[in-house]
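Observations on the three-dimensional arrangement
Residues per chain are reported as follows:
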Amino acid sequence: MAEPGHSHQPSARGRGRNERHTVRLLRLLLWAGTAFQVTQGTGPELHACKESEYHYEYTACDSTGSRWRVAVPHTPGLCTSLPDPVKGTECSFSCNAGEFLDMKDQSCKPCAEGRYSLGTGIRFDEWDELPHGFASLSANMEIDDGLSESTENCTSSKWVPRGDYIASNTDECTATLMYAVNLKQSGTVNFEYYYPDSSIIFEFFVQNDQCQPNVDDSRWMKTTEKGWEFHSVELNRGNNVLYWRTTAFSVGSKVSKAVLVRNIAITGVAYTSECFPCKPGTYAAKQGSSFCKLCPANTYSNKGETSCHQCDPDKYSEKGSSSCKVRPACTDKDYFYTHTACDANGETQLMYKWAKPKICGEDLEGAVKLPASGVKNRCPPCNPGFFKTNNSTCEPCPYGSYSNGSDCTHCPAGTQPAVGFEYKWWNTLPANMETTVLSGINFEYKGMTGWEVAGDYIYTAVGASDNDFMILTLVVPGFRPPESVMADTENKEVARITFVFETICSVNCELYFMVGMNSRTNTPVETWKGSKGKQSYTYTIEENATMSFTWAFQRTTFHEAIHSLCYNDCTFTRNTPARTFNYNFSTLANTVTLAGGSSFTSKGLKYFHHFTFSLCGNQGKKMSVCTDNVTDLRIPEGESGFSKSIAAYVCQAVIIPPEVTGYKAGVSSQPVSLADRLIGVTTDMTLDGITSPAELFHPESLGIPDVIFFYRSNDVTQSCSSGRSTTIRVRCNPQKSAPGSLSLPSTCSDGTCDGCNFHFLWESVAACPLCSVADYHAIVSSCVAGIQKTTYVWREPKLCSGGISLPEQRVTICKTIDFWLKVGISAGTCTAILLTVLTCYFWKKNQKLEYKYSKLVMNATLKDCDLPAADSCAIMEGEDVEDDLIFTSKKSLFGKIKSFTSKRTPDGFDSVPLKTSSGGPDMDL
């Protein structure tokens, strides 16, 4: 019986039958060609096909493993006179890696520069979308009784392409990535995978023609210790279906880390008739390449390149880049400090180093320079249990002795040493500790130092990207507890590890503490998110084995892209056409709490949800803390314990009252963050896809819109695929003094109706806008005793708080009615006197004019007729004594007026009274 992939010689009878079959096939092809030409003869004449208008293909293999090479036009019916079919290569024929089959002469030729091939294989290394032939399926997880554990829809739980790799689901659904391939000969499938979280079950298996899966140990994948791992499985000739399957088991609100797969390569498939161009960021410098190399740092390449191009001096790039980025100016965040080992004089030097890889520019405007190194300091003492040698190095004390970091002392008789590590001083990294950096983008170790020693502490270095994990690992080969402890069979504690830590973060960050046993995968046992004050944590070891303890710090979580850190300084401004409203919520900055209504479990256990709020202020620090104190209840009073706690803007915990548990204090468990970052503050009901429905709360009645704070949470659950969100409506209510009161939606007693979006109402006088001049008016009093008062009062109802104060009462001098009456009489008297004087003045002026007129009349009469000579002396012309002549006799004022009015005669002529020369009676002329 022939082995797969090997041909055998058929019998003579079989050969004859096959030859007759081949002759009939050729006659059929010839007849088809003739018929085609005849049918086309009636139409337009076709030209002979050029080489560029057709390509070659192989026919299906017959039972002897033979096939024919035929020419196939690119566009049927466009041309004619195709080359005749010729006998093709054997079906098992293939080219080596780096070669392709040239169908023209049916020979293998090397790939050109800038291109590659696997020969008999295919490779999938670009995952911008799901490649052709792959399928992603999902289903509910099944349990032993055959019933579905959940009726929840799992259609969205699939493998997702993410550029350089494909990521699995992270919820409690089963997601399967599937690919079917037909192999012409035995081959292999190999791929790289990243599998960090044991809370996901990850399996890879292959089904053959009979749908029988392989049952070897390679089906169940092992978690990865150090980045990407390589996995390879042999494949048989024929049909093979490849399966990558994952199922997560989430505990609480913890989100499992996805399984990642990349660079899937399959060998044993049919020939490849072309080579593939190298993808951007890679190159192939030689002919016949089976893969493309990554471009080194500070270089780049486009698709199908034969070499990488150097970045400009003011730009940089990471390994395998398709473009260069502009170098930023160096800051104090781009270098770090460390200490050298102690020298023979017991001194150490403080050294400053640029973070690697160095991407910043020192010569750019505003760039900082690297501080000078070499300052010497005295070395710190040795750690407890060690002593200082003559060359200033620290060595462990011999067994049976102890030390506090100086000289070793033998244990007194009847005692034994308590063996353990105590690291108080960090001048050099201990021998059983190592540090490195794990890339958070491609999950490969960078060979860099992630933690640096700094005297009395060790800290995470700078320079790695925000997605990277800064890894510190401590390996303990075993434990030797005191005999008294070993004799206590009830106490399962073998050892314990305690460390003090502090996290200082300007963006989202996480610190993981992981424990591994006997070379098994490190499992996270505790996680701290965000900035944490200095605190102590203790972990108990209950099995004597080789243990590894790992601290991993990540500045920015992998699933979240942080663009900026937003926080509110407790102020807000709202502009309207009428006026500008300014708010100051500083009196609401302190943390406040709110308890939901009582709920009961199926067994009648009473509990309620407890919320803690920190609205604003504190420069973005999350002041709301919710804890899990279940373990603390088992610790005797007076001893320090550790409570799992989370900090957020808004957090929730489940509280079981003490009367239910029987403990002195209530039980606080299942803390959940509802608000990890502030999205914004506005009076609109929708912001960044989050909506605060107004109908959840009774409508505001004062005409001032609610100010709404919008938050998002980093926790992603199966039902909340986009994470949780929280809105806090801050409403002006003058009846509620600061800090006011919080309330839950009337229709959703626990603050949420769907478990993903939480809504709260905060009513307070401190939520009213700051008072301005538009919020008060003036009242002017009547004038009393010459005094008038102006009083300023708030408009009712008063809808403001703080801001400006009411102006003080203003007092002015005013005049009463009696005063104005006196002024009026005085003014009237003065006016009458003035009029009298003016009358007299104008009357006198009128007399002068009257005399002159009379004199003119008399002179005119004398010229017409002669008059007798005067018998007395007359007044000379031009002299002004007329008044004396007229009014020689004393008359009253009214008499003078009467005389003035009677000077005109009834006939219309003026009469002039004159005295005779003898002083006799008047004579009228």
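Residues numbered from 1 in each chain as written. Predicted model: local features only at pLDDT ≥ 70, side-chain atom pairs only at ≥ 80, totals over all residues. Heavy atoms only, no water.

As for the overall build of the protein chain
- A tally of regular secondary structure across the protein chain gives six helices and 58 strands.
- Residue burial in the protein chain is summarised as follows: out of 925 residues, 36% are buried.
- Within the protein chain, counting contacts between residues at least 6 apart in sequence, those at least 24 apart form 63% of the total.
- Total accessible area on the protein chain stands at roughly 54400 Å², and carbon and sulfur atoms take up 54% of it. (Helix = DSSP H or I, 4+ residues; strand = E, 2+ residues; numbered from the N terminus. Buried < 20%, exposed > 50% of the residue type's maximum accessible area, 1.4 Å probe, protein only. Contact = heavy atoms within 4.5 Å. Areas by Shrake-Rupley, 256 points an atom, 1.4 Å probe, with all protein chains shown as cover.)

Points about a negative patch on the surface
- On the surface, a cluster of negative charge is made up of Glu126, Asp128, Glu129 and Asp164.
- Along the chain, Asp128 turns up in the loop between strand E7 (121–124) and strand E8 (134–140).
- When its relative accessible area of 64% is taken as the criterion, Asp128 is described as exposed. (Patch = residues over 30% accessible without salt bridge, like charges linked within 9 Å, V, L, I, M, F, W, Y side chains within 5 Å. Salt bridge = Lys/Arg side-chain N within 4 Å of Asp/Glu carboxyl O. Lys, Arg positive; Asp, Glu negative; His and termini not counted. Charge placed at Lys NZ, Arg CZ, Asp CG, Glu CD.)

Remarks on the environment of Cys173
- Along the chain, Cys173 turns up in strand E11 (residues 173–183).
- Residue class for Cys173 comes out buried when judged on its relative accessible area of 1%.
- In sequence terms Cys173 and Cys154 are 19 residues apart; their C-alpha atoms lie 6.1 Å from each other.

A word on the state of the cysteines
- For the structure shown, the criterion picks out 16 disulfides.
- Note on cysteine connectivity: Cys771 is disulfide-linked to Cys800, with sulfurs 2.1 Å apart. Its torsion about the S-S bond being 90°, the disulfide of Cys771 and Cys800 is classed as right-handed. Remark: Cys800 occurs in the loop between strand E57 (787–794) and strand E58 (810–813) and Cys771 occurs in the loop between strand E55 (757–764) and strand E56 (776–780); sequence separation between them is 29 residues. Neither residue differs from the other here; Cys771 and Cys800 are each classed as buried. (Disulfide = S-S within 2.5 Å.)

What to know about the sheet that holds strand E36 (residues 510–517)
- Strands sit in the order E31-E34-E39-E36-E37 across an open sheet of five strands; the sheet is antiparallel. Each of the sheet's edge strands pairs with one partner strand only, and the pair in question is strand E31 (433–438) and strand E37 (523–529). Averaged over all neighbouring strand pairs, the angle between strand axes comes to 20°, with direction disregarded.
- Pairing of E36 with strand E39 (residues 547–554) involves eight bridges; the strand directions are antiparallel. From the neighbouring strand, Met517 faces E39, where its bridge partner is Met547. (Pairing = 2+ DSSP bridges. Axes fitted to C-alpha atoms, helices over the stretch in contact; angles between N-to-C directions.)

Some details on the environment of Ile690
- With respect to the helices, strands and loops of the structure, Ile690 is situated in strand E51 (residues 690–691).
- Looking at Ile690, the relative accessible area reads 3%, which means it is buried.
- Among residues more than four places away in sequence, those in contact with Ile690 are Ile679, Met685, Phe710, Tyr711, Arg712, Ser725 and Thr727.

Some remarks on the pattern of salt bridges
- Counted by the stated rule, this structure contains 12 salt bridges.
- Where Lys104 meets Glu51, a salt bridge forms, and the shortest distance between an N and an O atom there is 3.3 Å. With Lys104 in the loop between strand E4 (99–102) and strand E5 (107–110) and Glu51 in the loop between helix H1 (12–40) and strand E1 (54–58), this residue pair connects regions lying 53 residues apart in the sequence.
- Here Lys529 ties to Glu510 by a salt bridge, and the two come within 4.0 Å at their closest N and O atoms.

Side note on the nonpolar core
- Formed by 36 residues in total, the largest nonpolar core has its most connected members in Phe585, Phe613, Leu615, Phe709, Ile728 and Phe760.
- Residues within four places of Ile728 in sequence aside, it is in contact with Phe613, Leu615, Val650, Val707, Ile708, Phe709, Tyr711, Phe760 and Trp762.
- If you look at the next biggest cluster of nonpolar residues, it comprises 31 residues, including Phe501, Leu511, Trp528 and Ala545. (Core = buried A, V, L, I, M, F, W, Y, C linked by side-chain atoms within 4.5 Å.)

Here's the deal with empty space enclosed by the protein
- Going through the model one piece at a time under the given rule, you end up with one cavity of 30 Å³ or more.
- Size it by volume and the largest cavity reaches roughly 40 Å³.
- In terms of lining residues, the largest cavity is bounded by Arg67, Cys91, Ser92, Phe93, Ser94, Lys184, Gln185, Val269, Ala270 and Tyr271.
- Residues that form the lining of the largest cavity fall into these classes: five nonpolar, three polar and two charged. (1 Å grid on protein atoms, 1.4 Å probe; cavity = no way out; pocket = protein on both sides within 12 Å on 5 of 7 lines; lining within 4 Å. Points joined across faces, edges and corners; volume = space filled by probe spheres on them. Nonpolar A, V, L, I, M, F, W, Y, C, P; charged D, E, K, R; others polar.)

Re the side chain of Ser136
- Note on placement: Ser136 falls in strand E8.
- For Ser136, the residues in contact, after removing those within four places along its chain, are Leu130, Lys158, Trp159 and Thr176.

Considerations on the packing of aromatic side chains
- Within the structure shown, the criterion is met by 47 aromatic pairs.
- Ring plane angle 45° and centroid distance 5.7 Å describe the contact between Tyr423 and Trp426, whose orientation is recorded as tilted. A single burial state applies to Tyr423 and to Trp426, both of which are buried.
- When the centroid spacing of 5.9 Å and the interplanar angle of 90° are considered together, the rings of Tyr776 and Tyr792 count as edge-to-face. (Phe/Tyr/Trp six-rings, centres within 6.5 Å; stacked < 30°, edge-to-face > 60°.)

Considerations on a nonpolar patch on the surface
- A contiguous nonpolar patch, built from Leu834, Leu835, Leu838, Tyr841 and Phe842 and spanning about 530 Å² of accessible area, is present on the exposed surface.
- Inspection of the secondary structure assignment puts Phe842 in helix H4 (residues 817–864).
- Looking at Phe842, the relative accessible area reads 53%, which means it is exposed.

Some words on the sheet that holds strand E24 (residues 335–339)
- Ordered in space as E24-E25-E26, the three strands form an open sheet in which the pairing is antiparallel. Pairing within the sheet leaves two strands with one partner each, and these edge strands are E24 and strand E26 (375–378). This sheet shows a mean twist of 30° between the axes of neighbouring strands, independent of strand direction.
- Where E24 meets strand E25 (residues 347–354), five bridges bridge the pair, whose relative direction is antiparallel.

Regarding a positive patch on the surface
- On the surface, a cluster of positive charge is contributed by Lys844, Lys845, Lys848 and Lys852.
- Position of Lys852 among the secondary structure elements: in helix H4.
- For Lys852, a relative accessible area of 55% translates into the label exposed.

What about the side chain of Arg729?
- When you line up the elements, Arg729 lands in strand E53 (residues 725–732).
- Accessibility expressed as a relative area gives 6% for Arg729, which makes it buried.
- Ignoring sequence-local partners within four residues, the contact set of Arg729 consists of Met685, Ser692, Pro693, Ala694, Phe697, Asp706, Val707, Ile708, Phe760, Leu761 and Trp762.

Let's talk about unusual backbone geometry
- Cis geometry marks the peptide bond from Ala738 to Pro739; its omega dihedral reads 5°.
- Relative to the assigned elements, Pro739 resides in the loop between E53 and strand E54 (741–743).
- Cis geometry is adopted by the peptide bond preceding Pro797, which originates at Glu796 and carries an omega value of -5°.
- Here Pro797 is to be found in the loop between E57 and E58.
- One non-glycine residue, Cys570, lies in positive phi territory at about 70°.
- If you trace the backbone, Cys570 turns up in the loop between E39 and strand E40 (571–575).

Focus on the confidence of the model for the protein chain
- On average, the protein chain scores 77 in pLDDT, and the residues at 70 or more come to 77%.
- Every residue in residues 142–152 scores below 50 in pLDDT, and together they form 11 contacts with partners more than four places removed in sequence or on other chains.
- For residues 631–642, every residue scores under 50 in pLDDT, and the model assigns this stretch 15 contacts once sequence neighbours within four places are set aside. (pLDDT = per-residue confidence, 0-100.)

Things to note about the environment of Asn377
- Looking at the element boundaries, Asn377 is found in strand E26.
- Classification of Asn377 by relative accessible area gives partly exposed; the value is 35%.
- In this view, Asn377 contacts Gly346, Glu347 and Thr348; residues no more than four positions away in its chain are not counted.

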